Amino acid sequence: MDMRAGGHRQSIDLARFLAAFGVVYTHAEASTRDWTGHLSLGLFLILSAALAVQSAERAGGQYDLMRRLRRVALPWLAWCLFYRALDLVFSDDPARFQPLRDPLTLLIGPEIHLWFLPFLMLGMVLVQPVAGAVTDRRRLAIGCAVLAGLGLPLLWLHEFAGLPFPFAQWTHAIVMYGYGLLWVGAARLGRNGWPFLALLTLTAVLWPFVDKPWLVTVPLAAVLFELFWRLPLRHALLPHLGRAALGIYLVHPFVMLVVYKYLGPLDLWPMTLAVFFGAWACVAVMLRLPLLRAVV
């Protein structure tokens with residue numbers, strides 16, 4: 001596979017859209033044995049890292065870090081203000097007026113799902129170094145060994161340490177983002193399977209100890225990414241689906257509150273569909289408004 005070929009892969013737009021649906025389903029389900037959330041976020045993270053490295057390679061190894069940071073920081077700040085305002089207006093918690101109830105919220109924002117954006121901003125720092133480092137098979141092998149060596153304790157902590165937010169999310173996210181960073185170089189060198197073998201190793205070592213389905217999603221997210229990357233899909237609707245995916249992720253907790261208030265508690269699938277299509281409608285409107293387009 002020639003990773004130097006340009007062009008927009010519309011199958012990746014579909015992958016983004018389906019990952020957003022998976023996140024909405026997960027939050028509607030609220031299961032302690034979640035696997036769809038891990039799978040959806042794993043796919044989001046691999047996509048984000050791989051596309052960033054590919055962008056850097058197309059630019060001759062140069063990654064415009066500050067411009068990319070601004071593109072993510074603006075939505076994060078805007079949605080932090082939005083959800084903070086909701087909390088002040090509608091919450092019954094007397095402590096809601098305290099400006100900093102938990103210092104860790106500086107790494108998240110007022111809603112837990114916003115952890116994804118600060119994590120992306122931190123991960124962007126690694127894009128150019130990795131893009132410039134994975135230039136031959138020896139360096140790729142070192143990168144895969146680092147992924148396995150760091151990933152094992154990180155996933156162990158994810159399951160057993162009871163870490164506070166956002167570190168519970170980060171321990172899983174670092175592994176999946178790291179895979180995406182390595183994948184582009186591996187594909188260019190014709191060794192796509194090497195980073196995947198690192199994920200399989202993590203899964204195999206932890207398998208006897210982790211009695212939850214999320215562990216399987218670590219290599220499964222990589223398989224889904226590879227499948228979507230290879231799908232020869234072309235349709236005028238697909239870029240619009242991909243463009244809406246992040247916005248759906250960001251706005252869906254608000255829509256879930258609205259659905260719950262006006263429709264009451266619903267079964268899993270009615271809630272999922274009502275929230276997903278409601279969030280999609282909100283994003284479609286926002287994308288048509290110049291002042292709001294930049295935050296979704």
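Given the structure is predicted, the values throughout are model-derived calculations rather than measurements. Here the residue numbering is sequential within each chain, running from 1 through the sequence in written order. Since the coordinates come from a predicted model, pLDDT governs what is reported: local features require at least 70, and pairs of side-chain atoms require 80 or more to be given and counted, while whole-chain, interface and lining totals use all residues. Calculation of side-chain values draws on the structure's entire complement of heavy atoms; hydrogens and water are dropped beforehand.

## Looking at the overall build of the protein chain
Strands are runs of DSSP state E lasting at least two residues, helices are runs of H or I lasting at least four, and both sets are numbered from the N terminus onward. Helices and strands together make up the secondary structure of the protein chain, namely twelve helices and zero strands. When its helices and strands are written in sequence order, the protein chain yields α-α-α-α-α-α-α-α-α-α-α-α. Relative to the globule expectation of 19 Å for 296 residues, the C-alpha radius of gyration of the protein chain, 19 Å, shows essentially globular dimensions. Its C-alpha atoms give the protein chain principal-axis dimensions of roughly 55 × 45 × 35 Å. Exposure classes here rest on a 1.4 Å probe applied to the protein chains alone. A residue is buried below 20% of its type maximum, exposed above 50%, and partly exposed in between. Put simply, the protein chain has 296 residues, and 46% of those count as buried. A contact between two residues is defined here by any heavy atoms of the two lying within 4.5 Å. Looking at the protein chain alone, contacts between residues at least 24 apart form 79% of all its contacts between residues at least 6 apart. The globule rule used here is 2.2 Å times the number of residues to the 0.38 power, and the radius of gyration it is set against is calculated over C-alpha atoms.

## Describing the UniProt feature "transmembrane region" (unreviewed entry) in the protein chain
UniProt positions are given in the numbering used here, feature names are shortened, and annotations may be inferred rather than shown by experiment. Summarizing the sequence annotation, UniProt attributes the feature "transmembrane region" (unreviewed entry) to residues 68–86, 106–127, 139–157, 169–186, 193–210, 216–233, 245–263 and 269–291 in the numbering used throughout. Within residues 245–263, the helical portion is 100% and the strand portion 0%, while the C-alpha atoms at the span's ends are 24 Å from each other.

## Let's talk about helix 10 (residues 238–263)
In this model, helix 10 (26 residues) spans only 31 Å end to end at C-alpha, well below the 38 Å of a helix rising 1.5 Å per residue. Along helix 10, the sharpest change in direction is near 45° and occurs at Val-251; proline Pro-253 comes one to four residues later. Taken from the residues just after helix 10, Gly-264 is the one with a positive phi, measuring 75°. For a helix, the expected span equals 1.5 Å multiplied by the number of residues minus one. To obtain the bend at a residue, axes are fitted to the seven residues ending there and to the seven starting there, and the angle between these axes is taken.

## Re the packing of helix 2 (residues 36–58) against helix 7 (residues 167–188)
What counts as an axis is a line fitted to C-alpha atoms, over the stretch in contact for a helix, and the angles between N-to-C directions run from 0 to 180 degrees. One way to put it is that helix 2 packs onto helix 7 with a least axis distance of 7 Å and a crossing angle of 40°. By the angle between their axes, helix 2 is oblique relative to helix 7. Where helix 2 crosses over helix 7, the handedness of that crossing is right-handed. Contact residues: His-38, Gly-42, Leu-45, Ile-46, Ser-48, Ala-49, Ala-50, Val-53, Gln-54 and Glu-57 in helix 2; His-172, Ala-173, Met-176, Tyr-177, Tyr-179, Gly-180, Leu-181, Trp-183, Val-184 and Arg-188 in helix 7. Each residue receives one of three labels: charged for Asp, Glu, Lys and Arg, nonpolar for Ala, Val, Leu, Ile, Met, Phe, Trp, Tyr, Cys and Pro, and polar for the others, Gly being one of them. By residue class, the composition of the contact of helix 2 with helix 7 is twelve nonpolar, six polar and two charged. Note on angle classes: values under 35 degrees are labelled roughly parallel, values over 145 roughly antiparallel, values of 65 to 115 roughly perpendicular, and the remainder oblique. Two helices cross in a left-handed way if the nearer one is turned anticlockwise from the farther one by less than a right angle. They cross in a right-handed way if the turn is clockwise.

## Notes on the layout of surface pockets
Considering only enclosed or pocket space, the second largest pocket measures out at about 750 Å³ in volume. Around the second largest pocket, the lining comprises 24 residues; the ones closest to its centre are Asp-34, His-38, His-158, Phe-165 and Gln-169. Among the elements that line the lining of the second largest pocket, the one with the most residues is helix 7, at four residues. Classifying every residue of the lining of the second largest pocket by side-chain character gives ten nonpolar, ten polar and four charged. Grid points spaced at 1 Å over the protein atoms alone were grouped into cavities, where a 1.4 Å probe fits but cannot get out, and pockets, open sets with protein on both sides within 12 Å along at least five of seven lines, with lining residues defined by an atom within 4 Å of a point. Grid points are joined across faces, edges and corners, and a volume is the space filled by probe spheres set on the points.

## Considering the nonpolar core
Core analysis: the biggest nonpolar cluster contains 89 residues, and Trp-79, Trp-115, Phe-116, Leu-199, Phe-225 and Ile-248 have the highest contact counts within it. When neighbours within four sequence positions are excluded, Ile-248 is seen to be in contact with Phe-17, Ala-20, Val-24, Phe-276, Ala-279, Trp-280 and Val-283. Throughout, nonpolar core names a set of buried Ala, Val, Leu, Ile, Met, Phe, Trp, Tyr and Cys residues whose side chains join them through atoms within 4.5 Å.

## Let's talk about the packing of aromatic side chains
Two aromatic rings from Phe, Tyr or Trp, using only the six-membered ring of Trp, form a pair when their centres are within 6.5 Å; if the ring planes differ by under 30 degrees the pair is stacked, by over 60 it is edge-to-face, and anything between is tilted. All chains considered together, the criterion is met by 25 aromatic pairs. Considering the side-chain rings of Phe-21 and Phe-276, the 5.0 Å spacing of their centres and the 80° angle between planes classify their relative orientation as edge-to-face. Highlighted residues: Phe-21 in helix 1 (residues 10–29) and Phe-276 in helix 11 (residues 268–286), separated in sequence by 255 residues. Here the guanidinium or amino end of Lys-261 rests over the ring plane of Tyr-262, the centre of that ring lying 5.8 Å away. Consider the ring centre and the ring normal. A charge sits over the ring if Lys NZ or Arg CZ is within 6 Å of that centre and within 35 degrees of that normal.

## Brief notes about the confidence of the model for the protein chain
pLDDT is defined as a per-residue confidence score from the predictor, taking values between 0 and 100. On average, the protein chain scores 92 in pLDDT, and the residues at 70 or more come to 95%. Ranking the helices and strands of the protein chain by mean pLDDT puts helix 11 first, with 98, and helix 5 (residues 127–133) last, with 91. Scored below 50 in pLDDT, residues 1–6 makes 13 contacts in the model with residues more than four places away or belonging to other chains.

## With respect to the side chain of His-172
Along the chain, His-172 falls in helix 7. If near-sequence neighbours (up to four positions away) are discounted, His-172 is found in contact with His-38, Gly-42, Leu-155, His-158, Trp-214, Thr-217 and Val-218.

## Comments concerning the pattern of salt bridges
One side-chain nitrogen of Lys or Arg within 4 Å of one carboxyl oxygen of Asp or Glu is enough to make a salt bridge. Taken as a whole and judged by the stated rule, the model has six salt bridges. Two residues, Arg-67 and Asp-64, come together in a salt bridge whose shortest N-O distance is 3.5 Å. Exposure remark for Asp-64: the relative accessible area of 41% places this residue in the partly exposed category.

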